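One-letter residues, chain by chain:
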Amino acid sequence: MAIEDDQVNDSIVPTRTATATTSENGNFLTESDKYTLWSRAMRISLLGKSKLGFVDGRFPKSTFEPELHDLWEKVNAILVSWIMNVVRPGLLSSVLYASSAHKVWEDLKERFDKVNGSRILYLHREVHTLTQGVMTVTDYFSKLRELWDEFDALTPCPGCPCPESKMYAQYFEYQRLLQFLTGLNESYSQSRSQIMMMSHLPSINRAYSMLVDQESQRNLVNMPQVAQVSEALENLAMYSNKGTNNTGSYKEKRNQVQCEYCHYKGVQEEWCQ
């Protein structure tokens, strides 16, 4: 195993990029933040530069030749500084004096990687009580997908390729399809029944695509009706304004009478009687 110089130099680039991205999104690790999301974002960034093994313990210093130890120390220092840039200032004391990025990673994991039972209960309740309401199908599905993703991060499903695991995954997918269809408005009851009557139930994404297509067709059908109503309201407003102007003109003509003696334009009864 070897550490190339260009890989070490390239590791500086993601430090700046990832720090900027993390700062913009507000995904700093604090005592109140969810460690799972922070850890997942860090893993993706490290994996993209082939540096994940330095923090998860797969690339210890002892596995490299002695002549590469200096390069290993350089990569390790860069990774420690990277972690320092994406944690709350109050946590720097546990990072600053660490000898390796792996120890920092394990220390943060031990302190924050705790599955909160109350959070799982909250997600479980939100998933089963979420309904479409005034949301579009797209917004409703996106919200539901967000809850599912966080629930999966906290309680991952078994990933074994055995037949039992595959059957469990299919059953899990079926349950989520039911959750998605149950939360739809009653205006989609016919589409919901058609999907459930299919000989081969579609996937969640396929069912979502079918419902979005129906929603788009409804909007196209309703557009002429909305235009007709708007035009009728505009005509009614124009007619009302026109009637008001005519009435005002009539009163003005009736009241403004010119006196034949003093040529005063006013109410005739008040002058030169």
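The rules behind these values
- Residues numbered from 1 in each chain as written.
- Predicted model: local features only at pLDDT ≥ 70, side-chain atom pairs only at ≥ 80, totals over all residues.
- Heavy atoms only, no water.
- Salt bridge = Lys/Arg side-chain N within 4 Å of Asp/Glu carboxyl O.
- Buried < 20%, exposed > 50% of the residue type's maximum accessible area, 1.4 Å probe, protein only.
- Helix = DSSP H or I, 4+ residues; strand = E, 2+ residues; numbered from the N terminus.
- Polar contact = N/O pair within 3.5 Å; in protein donor to acceptor, adjacent residues only side chain to side chain.
- Phe/Tyr/Trp six-rings, centres within 6.5 Å; stacked < 30°, edge-to-face > 60°.
- Lys NZ or Arg CZ within 6 Å of the ring centre and 35° of its normal.
- Axes fitted to C-alpha atoms, helices over the stretch in contact; angles between N-to-C directions.
- Parallel < 35°, antiparallel > 145°, perpendicular 65-115°, else oblique.
- Contact = heavy atoms within 4.5 Å.
- Core = buried A, V, L, I, M, F, W, Y, C linked by side-chain atoms within 4.5 Å.
- Left-handed = near helix turned anticlockwise from the far one by under 90°.
- Nonpolar A, V, L, I, M, F, W, Y, C, P; charged D, E, K, R; others polar.

1. Structural notes on the pattern of salt bridges
And step 1. A complete count under the given rule lists six salt bridges for this structure.
And step 2. The partner of Asp56 in a salt bridge is Arg58, with the nearest N and O atoms 2.9 Å apart.
And step 3. Under the relative-accessibility criterion, Asp56 is labelled partly exposed at 23%.
And step 4. The class of Arg58 is partly exposed, set by a relative accessible area of 48%.
And step 5. The partner of Arg192 in a salt bridge is Glu186, and the shortest N-O contact between them spans 3.6 Å.

2. Description of the side chain of Arg176
And step 1. If you trace the backbone, Arg176 turns up in helix H10 (residues 163-182).
And step 2. Within the structure, Arg176 has its side chain in polar contact with the side chain of Asp152 (distance 2.7 Å).

3. Remarks on the packing of aromatic side chains
And step 1. This structure, assessed with the given rule, holds eight aromatic pairs.
And step 2. A ring pair is formed by Phe54 and Phe59, whose centres lie 5.4 Å apart and whose planes are at 80°; its orientation type is edge-to-face.
And step 3. Relative to Phe180, the ring of Tyr140 has its centre 5.6 Å away and its plane inclined at 15°; by these criteria the two rings are stacked. With Tyr140 in helix H9 (residues 137-154) and Phe180 in helix H10, this residue pair connects regions lying 40 residues apart in the sequence. Take Tyr140 and Phe180: they sit in the same class, and that class is buried.
And step 4. By the ring-pair criterion, three or more aromatic residues cluster together here, those being Phe54, Phe59, Phe64 and Trp72.
And step 5. Just above the ring of Phe59 sits the side chain of Arg58; from NZ or CZ to the centre is 5.3 Å.

4. Re the environment of Val75
And step 1. Considering the arrangement of structural elements, one finds Val75 in helix H5 (residues 69-84).
And step 2. Taking the C-alpha atoms as reference points, Val75 and Lys51, 24 residues apart in sequence, are found 8.5 Å from one another.

5. Describing the packing of H5 against helix H7 (residues 101-112)
And step 1. Here H5 crosses H7 at 30°, and the two axes come no closer than 8 Å. Classified by the angle between their axes, H5 and H7 sit roughly parallel to one another. Along its contact with H5, which presents Asn76, Leu79, Val80 and Ile83, the element H7 presents Ala101, Val104, Trp105 and Leu108.

6. A short note on the nonpolar core
And step 1. With 26 residues, the main nonpolar core has Leu29, Trp38, Leu79, Trp105 and Leu108 as its most contacted residues.
And step 2. Contributions of two or more residues to this core are made by helix H3 (35-48), helix H4 (52-56), H5 and H7.
And step 3. At seven residues, H5 tops the list of elements feeding residues into this core.
And step 4. Each residue touching Leu29, except ones within four places of it in the same chain, is listed here: Tyr35, Trp38, Val86, Val87, Arg88, Leu91, Leu108 and Phe112.
And step 5. Val137, Leu144, Leu177 and Phe180 belong to the second largest nonpolar core, which has 21 residues in total.

7. Concerning the packing of H10 against helix H11 (residues 189-196)
And step 1. Two elements in contact, H10 and H11, have axes whose closest approach is 10 Å; the angle formed by their N-to-C orientations is 160°. Considering their axes alone, H10 and H11 lie roughly antiparallel with respect to each other. Between H10 and H11 lies a crossing whose hand is left-handed. The segment H10 lies against H11, with Tyr174, Leu178, Leu181 and Thr182 engaging Arg192, Ile195 and Met196.
And step 2. When grouped by side-chain class, the residues that make up the contact of H10 with H11 number five nonpolar, one polar and one charged.

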